[in-house]
Every structure is written in structure tokens, then in C-alpha cells.
Amino acid sequence: MPDIGRDEVKATLAAMDIAISDDDATAVSRILAEILADMRKLDELASEEGEPSPGFAVEVRR
Amino acid sequence: MNPKEAAGLTMHEAAELIRGKRLSPVEVARACLERIAQHDGRLRAFIMVTEESALAQAREAEQAVMRGDPLGPLHGVPLALKDTFAMRGVRTTCGSKLLENNIPDFDGAVVDRLRKAGAVFLGTLNMHEFALGATTANPHYGMGRNPWDEGKIPGGSSGGSGAAVAASMCLGSVGTDAGGSVRLPSSLCGIVGLKPTYGRISNFGTLPLSLTMDHSGPMTRSVADAALLLQVLAGHDPRDPASSPLKVPSYSKALTKRIKGIKIGLPKEYFAESIDPEVRVAVMAAIESLEALGAIAQEVSVPHCRYAPAAFVPLVLSEASAVHARYLRTRAREYGSEVRNLLYTGLMMPARRYVQAQRVRALVVRDLAAALQHVDSLVMPTVTIPAPGVGQQSVNLDGRNVNVAAALARFTLPFNLAGLPAISVPCGFTASGLPIGLQIAGAPFAESTILQVAHAYESHNRWKERNPFQQSAEVH
């Protein structure tokens, strides 16, 4: 997945009625890139089973 | 009793002395207020001190004792809470400017239960803004500092609670924990912090961060005090849809049991991680101590926990941004820049990655549940490092630079993903005098078991006898 740049951050948030400064958009682009880079290690697990858990809490409350 | 000694009492000790008419609630409240006046200008543990109201509550508590009224388990005991629990008529900011005028007209579940138990409230405690961070570098109410070394952070997000309890500015506190925010500052400040099972303590009236990972929990100077606070706070609340209907056991009863034959699991993946050498030595010594008390240690495997931080971050940011979306549209400039940009990032999270994180969460839950089939509790460091410096961005571990934020929460957050109970108990100090915490985690609703293990450890070690200002006196 390519990095999400400053202008794309601004455009995406504008579609949610959120106006964001250039400085903030640059920071968000950088933070998002770091998070998504870290998440690439999760792709190693693509072949493993792991059902989305709608509520682990449901499990622990049983 | 010397007023300084009153502030240093445990909650148990103070409650017993008050019941026996050997300590006045006014005396112990005044002792705490003196400590606050003496130290809080530097530590910035409090957002607001409600001195007048605290003394009025203490006087009422004193009169109740003299009348021979029935007394609750915390009667006259002065506490201070993280600034995130709704308290009728008291400003509740969640460490933000945005909520600086938020004065609830009701008591949330935590305050309601503490009030009914007789607690006296001294004020509200500093925290990372909206609980979204682990340092308590608060841009609105000041940089929280660690009483053991004021150049170090107290941890977060409940950093004010950690510092206030450690510095004897209150006898106990309640914090919130979505990724480690009770246990982490407890470890860094040398106190006990308990995150119970998800749903054990009602979140009604607690300002949310992450709806599927938010927990409230006791922060105290002893394990017995953590059990006492949990006893007061635990229980079903129909106003919180996640609140558990399970019966609440007697936690104090668990403290009387020995741990001979209890199986403690050492997650091998945790110990294979980069850990500060002094933290590793202290935790291994603590494990030996538990074995000497009769616990049986065995290695267990939780292979997917190494993926937990990468799954946790998109989940917590997505959930937090959902909570804040309305204000991000209309009042974004009132947030500090760090938290505002993290919340914006949550809104930008690709759905595919969110779903992937949920799938990994399921694997982490499964690993932990499987490990706990074979042992009664899991034992490991609470935090990989002792308290870092104020403003420090990275730390050297095993010869490589590691981001401080990542180093702080990686051992605590798996138990938020899984909703499992976990406690941090002091297990030593670095050569420079910084506290180290031992984390003990258990199966769903096995709070009694982890309290039992923590109490056995604490009872045979003397870490809780140290306090930060004694150490200063020795050094200087």
C-alpha cells in the first residue's frame, strides 16, 4: 500500500468536514506511514486463521 | 500520630485507625494536603486540588465516626482520582482544554461506589491528554514528573495517579488503562497497579478512549489496598453494556492463601525481547522468589504476542477517533497537537488494516487463553525499561535504538487486546534508584489469583517500604 501523502490526508478529512492545516496533514501523513510500515509484519500472518473478533469481551464475559 | 506519617499510611491502615477512633479523617486529609502543597508544584500530579470540599468531607466523616454511624470500608480515607471520572459538581477535563468547563451533574460509577464506601476526594489528577499517550506530557496542565527522579517521566496515561500515590499525596487512586495506563505508571513510580478483567468495573461515567479496551483500576501502595479498592469498585452495572454480571468474590480472602503449587508461566517470547538489563535481573530475581515460596515456574509460548503492538495501534486510534470525530470537526484547535494528529490519523486508518488488526487480536486472545490452560498466571516485566527522561524519544536496548513509546507499552497492551486481568507490583530498583515492576496476568475474572501471587511476593520482599523522599534524604 503506497504512503498516504499530505494532500490526500487533507482531501480525505475534508470529505468528513474536517479542515486540517498543512503542518498537521504532514504530521498525520508521517504517523500513518510509520503505523502502516509496522503493520506490514502482520502480512506474514495472512495464511493463518484469525477470525475478526467482534467482541473478545463477549468471550471473557461468558 | 505525626501528620507526615498519616499521609504515608496504606488505605487499610488508615481505615482501621479511623474506625478505632485513633486517627481523625481530618488529620489524614490535612496531612495529604500538606504533601500536595509541598511537592505538587514540581511533580504536577494534580490538575485540581479540592481542598475546601475535601476538608468538609473529612469533617463529616469524623462526625460520623463520633456518632457511631455504620462506616463503609473506605470511611475517611483520602483518595484522588485520574481526571476522567465524572464527579458531581467537580470539573472533569480528561486532561484536556476542550473539556475545561465540563462539570458533570452526576457521579459516574467509580465515584458513586467510592463515595458510598466513605472515601474523601482530594482532587483530580493529571494525565496524558484524553489518555492517548504514555508520558503525561500534558500541554494544558503541565509536564507530570516522577517523584523518584524529577527528570524522569511518571509514565501514563495515569501519570498523576502514579506520582501522587508514590509521593504520599493521597492514600490511593483509580486510573484507567486502555493499553497499560494503570500498570505502566505504577511500574515507573514504584506502586501497585491493577487492571481487572474487561467489564469487571463499570465504565459508566468514565470518559472513553477505546470502547473495547477501556478498563478502570486501582493504583495503591500495597496489594492489599488494590484488593480493597477492587472490592469496592467491582460489580455489575446495567448502565454499562459491557459490565459483567458475574458475582464478585472476596478478594481479601485470596490474600490469605499461600502460593505453594501455583503454576506461573513465563512467556518465552516476552523474555526473548529486548529488555533493559537491570529490569531483566530484577524480574528474574522476583521469579526465583516466587519459586522459593512454592510456585512452580514453567515456560509457555504466546507466539502472536509479538504482533500485538502492530495490531493495537490502529485499533486504539480508530476507536479513539470515533469518540472524538464530532469535536475534531468543530473544536480541533483546542487539542494539543500531538493528540490532535493521532486522532486525525485514526480517521485515516484504512479499513483493510483495521480488520487485519482485529484478526490478529483474535490470535493474541487465543494464544493467551491457551497458555492459561496450563498455568494459573503469567509472569513477566511490566515495562521493558525503567522510567525514561522527560522528553526522551529513544532508548538503547541491546545495542539498538528503540522508540520510547514502543518500549513502554509493548508488554502491557496484549492484556488489553484480550481483556485479561493483570497487576504490576514493585520488584526492585535500578542502581540509580528507579523502580521496576513485575507484571502478573491471569485468566478472565481470575483477579483473586493474581492478587494472591502479587501479595505473596510483596509480603516476602520489602520494596514497598521505600518511598521517594526517604531516598532523597539518604542521597543528600
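For every chain, the first residue of the written sequence is number 1, and numbering continues from 1 onward in sequence order. Each chain is given a letter, starting from A, and each ligand a number, starting from 1, according to the order in which they appear as written. Where totals are concerned, whole chains, interfaces and linings use all residues; where local detail is concerned, this predicted model gives features only for residues with pLDDT of at least 70, and gives and counts side-chain atom pairs only at 80 or more. The side-chain figures draw on all heavy atoms in the structure; neither hydrogens nor water molecules are used.

### A look at the overall build of chain A
In step 1: Elements are defined by DSSP. Helices are runs of H or I of four residues or more, strands are runs of E of two residues or more, and each kind is numbered from the N terminus. Summing up its helical and strand segments, chain A has three helices and zero strands in all.
In step 2: Sequence-ordered secondary structure for chain A, helices as α and strands as β, is α-α-α.
In step 3: Buried residues are those whose accessible area, probed at 1.4 Å on protein chains only, stays under 20% of the maximum for their type, while exposed residues exceed 50% and partly exposed ones sit between those limits. Burial analysis of chain A (62 residues in total) assigns 37% to the buried set.
In step 4: Values of accessible area rely on a 1.4 Å probe in the Shrake-Rupley scheme; residue burial ignores everything except the protein chains shown. For chain A, the exposed surface amounts to about 3600 Å²; the carbon and sulfur share of it is 50%.

### Observations regarding the interface of chain A and chain B
In step 1: Listed by partner, the interface residues are 38 residues for chain A and 46 residues for chain B.
In step 2: Once two parts are put together, the accessible area they lose, assessed with a 1.4 Å probe and summed over both, is termed the buried area. Across the chain A to chain B interface the summed buried area is about 3500 Å²; carbon plus sulfur atoms make up 66%.
In step 3: Basic side-chain nitrogens of Lys or Arg form a salt bridge, by our definition, when they fall within 4 Å of a carboxyl oxygen of Asp or Glu. Taken together, the links from chain A to chain B amount to four salt bridges.
In step 4: Whenever two N or O atoms come within 3.5 Å, that pair is a polar contact, provided that in protein one can donate a hydrogen and the other can accept it, and provided that, for residues adjacent in sequence, both atoms are side-chain atoms. Counting the contacts that link chain A with chain B gives eight residue pairs in polar contact (both at pLDDT 80 or more).
In step 5: Sorting the residues of the side of chain A that touches chain B by element identifies helix H1 (6-14), helix H2 (22-39) and helix H3 (56-61) of chain A as the ones contributing at least two each.
In step 6: With nine residues, the top contributor of residues to the side of chain A that touches chain B is H2(A). The contact rule is simple, with two residues in contact once any of their heavy atoms fall within 4.5 Å.

### Re the pattern of salt bridges
In step 1: Going through the model one piece at a time under the given rule, you end up with 19 salt bridges over all chains.
In step 2: Of the charged contacts, one joins Lys41(A) and Asp38(A) as a salt bridge, the two residues approaching to 2.7 Å between their closest N and O atoms.
In step 3: On the basis of relative accessible area, Lys41(A) is assigned to the partly exposed category, the value being 30%.
In step 4: One salt bridge connects Glu465(B) with Arg462(B), and the closest N-O pair in it is separated by 3.0 Å.

### Overview of empty space enclosed by the protein
Residue and element names in this part refer to chain B.
In step 1: Computed over the protein atoms alone on a 1 Å grid, cavities are sets of points where a 1.4 Å probe fits but cannot get out and pockets are open sets with protein on both sides within 12 Å along at least five of seven lines; a residue lines them when it has an atom within 4 Å of a point. Grid points are joined across faces, edges and corners, and a volume is the space filled by probe spheres set on the points. Tallying each qualifying case throughout the model produces six cavities of 30 Å³ or more.
In step 2: Considered as a void within the structure, the largest cavity measures approximately 80 Å³ in volume.
In step 3: Residue lining of the largest cavity: 16 residues in total, with Ala131, Thr176, Leu207, Leu209 and Asp214 positioned closest to the centre.
In step 4: Of the volumes computed, that of the second largest cavity is approximately 70 Å³.
In step 5: Contributing to the lining of the second largest cavity are Glu269, Tyr270, Glu273, Cys305, Arg306, Pro309, Arg410, Phe411 and Pro414.

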